[in-house]
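# Residue-level structure breakdown
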Amino acid sequence: NAGVTQTPKFRILKIGQSMTLQCAQDMNHNYMYWYRQDPGMGLKLIYYSVGAGITDKGEVPNGYNVSRSTTEDFPLRLELAAPSQTSVYFCASSYATGIHGYTFGSGTRLTVV
Amino acid sequence: AQKVTQAQTEISVVEKEDVTLDCVYETRDTTYYLFWYKQPPSGELVFLIRRNSFDEQNEISGRYSWNFQKSTSSFNFTITASQVVDSAVYFCALSGAYSGAGSYQLTFGKGTKLSVIP
């Protein structure tokens with residue numbers, strides 16, 4: 001089915017390790033987003049992109065990096081994992097603003113120990 | 001800046017009771033969109049409704065209904081005759097309508113955890 005695909009679904013990292021969370025969409029959406037969800041909290045925006053080659057910081061960007069080399073892919077990079085990055089990560093995409101709504105991936109549950 | 005407040009952290013109801021989840025928002029945009037999402041225990045986000053700021057008509061979908069009141073900046077969600085399958089965390093969210101910096105991403109409330117007891 002068309003939509004947003006996130007991999008992996010689960011991952012355990014040791015402090016200081018690095019990893020990339022993958023996100024791909026096949027709907028030709030221009031806008032893509034990375035959110036994190038901590039227990040008891042809503043989703044907070046980490047980074048977003050309005051098109052290939054264009055990215056910008058959201059509310060909580062520290063400790064993360066992104067790239068957008070193609071319209072389809074928007075990977076999120078953790079360079080030096082810290083326990084504070086233990087969270088559930090959601091990728092989302094949209095054509096533009098709220099007019100057409102947002103499509104979310106199924107999430108990646110990351111634990112840093 | 002945009003802000004969404006869901007004052008109810010957790011609600012418990014007995015099956016078949018009606019329950020209303022509150023959502024209050026703040027935005028400087030004149031055109032914006034409001035959303036409700038459901039997050040069941042499995043963790044995915046399930047889209048429930050999108051409402052634009054020019055449409056203040058209430059909406060009903062089966063046992064679900066939404067009351068949008070621009071005058072009070074509220075977008076409340078009511079479940080009638082609740083069922084155990086309604087147990088989930090419900091998020092209210094807001095986005096701007098234009099691609100001005102920072103206005104088009106979804107801003108979420110902290111969510112309301114609903115437990116429906118059989």
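Residues numbered from 1 in each chain as written. Chains lettered and ligands numbered in written order. Predicted model: local features only at pLDDT ≥ 70, side-chain atom pairs only at ≥ 80, totals over all residues. Heavy atoms only, no water.

### Looking at the overall build of chain A
Assigned secondary structure in chain A consists of zero helices and 11 strands. Starting at the N terminus, the α and β elements of chain A follow one another as β-β-β-β-β-β-β-β-β-β-β. Here the C-alpha radius of gyration of chain A, 13 Å, is about what a compact globule of 113 residues would show, namely 13 Å. Considering only C-alpha atoms, chain A reaches an extent of 40 × 30 × 25 Å along its principal axes. In chain A, which comprises 113 residues, the proportion classed as buried is 47%. Sequence separation of at least 24 residues holds for 55% of the intrachain contacts in chain A that already meet a minimum separation of 6. Accessible surface for chain A amounts to roughly 5,300 Å². Of this, 52% is attributable to carbon and sulfur atoms. In chain A, the 9 positive side-chain charges and the 7 negative ones have mean positions that sit 9 Å from each other. (Helix = DSSP H or I, 4+ residues; strand = E, 2+ residues; numbered from the N terminus. Rg over C-alpha atoms; globule rule 2.2 N^0.38 Å. Buried < 20%, exposed > 50% of the residue type's maximum accessible area, 1.4 Å probe, protein only. Contact = heavy atoms within 4.5 Å. Areas by Shrake-Rupley, 256 points an atom, 1.4 Å probe, with all protein chains shown as cover. Lys, Arg positive; Asp, Glu negative; His and termini not counted. Charge placed at Lys NZ, Arg CZ, Asp CG, Glu CD.)

### Structural notes on the sheet that holds strand β7 (residues 64-66) of chain A
Hydrogen bonds between backbone atoms are what pair the strands of a sheet, whose relative direction is either parallel or antiparallel. Residues and elements named next belong to chain A. Read from one edge of the open sheet, four strands run β1-β3-β8-β7, paired in antiparallel fashion. Because the sheet does not close on itself, it has two edges, and the strands there are β1 (4-7) and β7. Neighbour-to-neighbour, the strand axes of the sheet open up by a mean angle of 20°, direction not taken into account. In the sheet, β7 pairs with strand β8 (residues 76-78) via three bridges, with the strands oriented antiparallel. By the bridge assignment, N65 is partnered in β8 with R77. (Pairing = 2+ DSSP bridges. Axes fitted to C-alpha atoms, helices over the stretch in contact; angles between N-to-C directions.)

### Focus: the pattern of salt bridges
When charged atoms on two side chains of opposite charge get close, those side chains can pair. Following the criterion strictly, the structure yields five salt bridges over all chains and no others. The salt bridge involving D38 of chain A is made with R36 of chain A; its shortest N-O contact spans 2.9 Å. With a relative accessible area of 22%, D38 of chain A lands in the partly exposed category. Among the residues examined, R36 of chain A registers a relative accessible area of 10% and is labelled buried. D55 of chain B is the salt-bridge partner of R51 of chain B, the closest N and O atoms lying 2.7 Å from each other. Look at R51 of chain B and you get buried, because its relative accessible area is 7%. (Salt bridge = Lys/Arg side-chain N within 4 Å of Asp/Glu carboxyl O.)

### Some remarks on the state of the cysteines
A complete count under the given rule lists two disulfides over all chains for this structure. C23 of chain A shares a disulfide with C91 of chain A; S-S distance 1.8 Å. Its S-S torsion of approximately -70° makes the covalent link between C23 of chain A and C91 of chain A left-handed. Taken together, the residues span a long stretch of sequence, with C23 of chain A in strand β3 (residues 19-25) and C91 of chain A in strand β9 (residues 87-94) at a distance of 68 residues. This pair shows no difference in class: C23 of chain A is buried, exactly as C91 of chain A is. Paired by a disulfide, C23 of chain B and C92 of chain B hold their sulfur atoms 2.0 Å apart. (Disulfide = S-S within 2.5 Å.)

### Side note on the nonpolar core
Membership of the largest hydrophobic core comes to 24 residues, with the highest contact counts inside it found for W36, W66, F77, Y90 and L114 of chain B. Every element with two or more residues in this core is listed here: β2 (10-14), β3 (19-21), β5 (32-39), β6 (46-52), β8 (64-69), β9 (74-79), β10 (88-96) and β12 (112-117) of chain B. Considering each element in turn, this core owes the most residues, four residues, to β10 of chain B. If near-sequence neighbours (up to four positions away) are discounted, L114 of chain B is found in contact with I11, V13, V19, I79, D86, S87, A88 and Y90 of chain B. In terms of nonpolar packing, the next biggest core, distinct from the first, is built from 20 residues, V4, L21, M27 and Y47 of chain A among them. (Core = buried A, V, L, I, M, F, W, Y, C linked by side-chain atoms within 4.5 Å.)

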